[in-house]
Amino acid sequence: QEFLVVYDTGSGNMFLPDRACQSTSCMTKHTYDKLLSKAAKQVPNATSVPEEVSLAVGHGSVVGHPTLDKVCLEPEKVCASTAFVAAAEMSDVPFSLYPFDGFVGL
């Protein structure tokens, strides 16, 4: 699965729109489908991460599920098992205005 993301120096979170997202802002995005990945896992509650998380991102918000999967960054193809939020909801403002699919916090 390939996504266009923006690197966000003001955040430590990564999120991608989930396949199940029905928000208007998700309709024009590439969506993450854990069923297409051999490495995808739900983040267990034993790590004290809640089953659903809410993130404030700039002037918008994201609600989703913590997920663990292999993430590779171009152009060097550097890959690592990475926790991120598979967004089930993304606010229309500002996300429907952006051409990219998700954010990678640094």
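Our subject in this report is the structure included herewith.

The rules we used
Residues numbered from 1 in each chain as written. Predicted model: local features only at pLDDT ≥ 70, side-chain atom pairs only at ≥ 80, totals over all residues. Heavy atoms only, no water. Helix = DSSP H or I, 4+ residues; strand = E, 2+ residues; numbered from the N terminus. Rg over C-alpha atoms; globule rule 2.2 N^0.38 Å. Buried < 20%, exposed > 50% of the residue type's maximum accessible area, 1.4 Å probe, protein only. Contact = heavy atoms within 4.5 Å. Areas by Shrake-Rupley, 256 points an atom, 1.4 Å probe, with all protein chains shown as cover. Lys, Arg positive; Asp, Glu negative; His and termini not counted. Charge placed at Lys NZ, Arg CZ, Asp CG, Glu CD. Pairing = 2+ DSSP bridges. Core = buried A, V, L, I, M, F, W, Y, C linked by side-chain atoms within 4.5 Å. Phe/Tyr/Trp six-rings, centres within 6.5 Å; stacked < 30°, edge-to-face > 60°.

### Examining the overall build of the chain
Helices and strands together make up the secondary structure of the chain, namely one helix and seven strands. For the chain, the sequential pattern of α-helices and β-strands runs β-β-β-β-β-β-α-β. For the chain, the C-alpha radius of gyration of 13 Å lies close to 13 Å, the compact-globule estimate for 106 residues. Principal-axis analysis of the C-alpha atoms places the extent of the chain at approximately 35 × 30 × 25 Å. Across the 106 residues of the chain, 38% fall into the buried class. Counting contacts in the chain only where the partners sit at least 6 residues apart, residues at least 24 apart contribute 64% of the total. Accessible area for the chain stands at about 6600 Å²; split by element, carbon and sulfur atoms hold 55% of it. Put simply, the chain has 7 plus and 12 minus side-chain charges, and the middle of one group is 9 Å from the middle of the other.

### Details of the pairing of strand β4 (residues 53–57)
The two faces of β4 differ: V53, L55 and V57 on one face are buried, but S54 and A56 on the other face are not. Taken together, β4 and the strand that follows it, strand β5 (residues 60–73), pair antiparallel across an intervening segment of two residues, in which G58 is found at a positive phi of about 60°.

### Section: the nonpolar core
The nonpolar side chains of soluble globular proteins are, as a tendency, buried together. Membership of the largest hydrophobic core comes to 13 residues, with the highest contact counts inside it found for F15, V57, V62, V85, M90, F95 and F103. At the level of secondary structure, the elements contributing two or more residues to this core comprise β4 and β6 (78–90). If we ignore the near neighbours within four places in the chain, the residues touching V57 are F15, V62, F95 and F103. Among the nonpolar cores identified, the runner-up in size contains seven residues, and M14, Y32, A86 and V104 belong to it.

### Some thoughts on the packing of aromatic side chains
To describe a pair of aromatic rings, you give the distance between the ring centres and the angle between the ring planes. Inspection of every chain in the model, using the stated rule, returns eight aromatic pairs. An angle of 75° between the planes, with centres 6.2 Å apart, marks the rings of F95 and Y98 as edge-to-face. Look at F95 and you get buried, because its relative accessible area is 2%. For Y98, a relative accessible area of 30% gives the class partly exposed.

### Some details on unusual backbone geometry
Looking along the chain, the bond that leaves V93 and enters P94 is cis, with omega of 10°. Residue position: P94 is located in helix α1 (residues 92–95). Of note in the backbone geometry, K77 takes a positive phi value of approximately 60° without being a glycine. Along the chain, K77 falls in the loop between β5 and β6.

### Points about the environment of K38
Checked against the element boundaries, K38 lands in the loop between β2 (14–17) and β3 (41–42). Each C-alpha atom, one on K38 and one on E74, is 20 Å from the other, the two residues being 36 residues apart in sequence.

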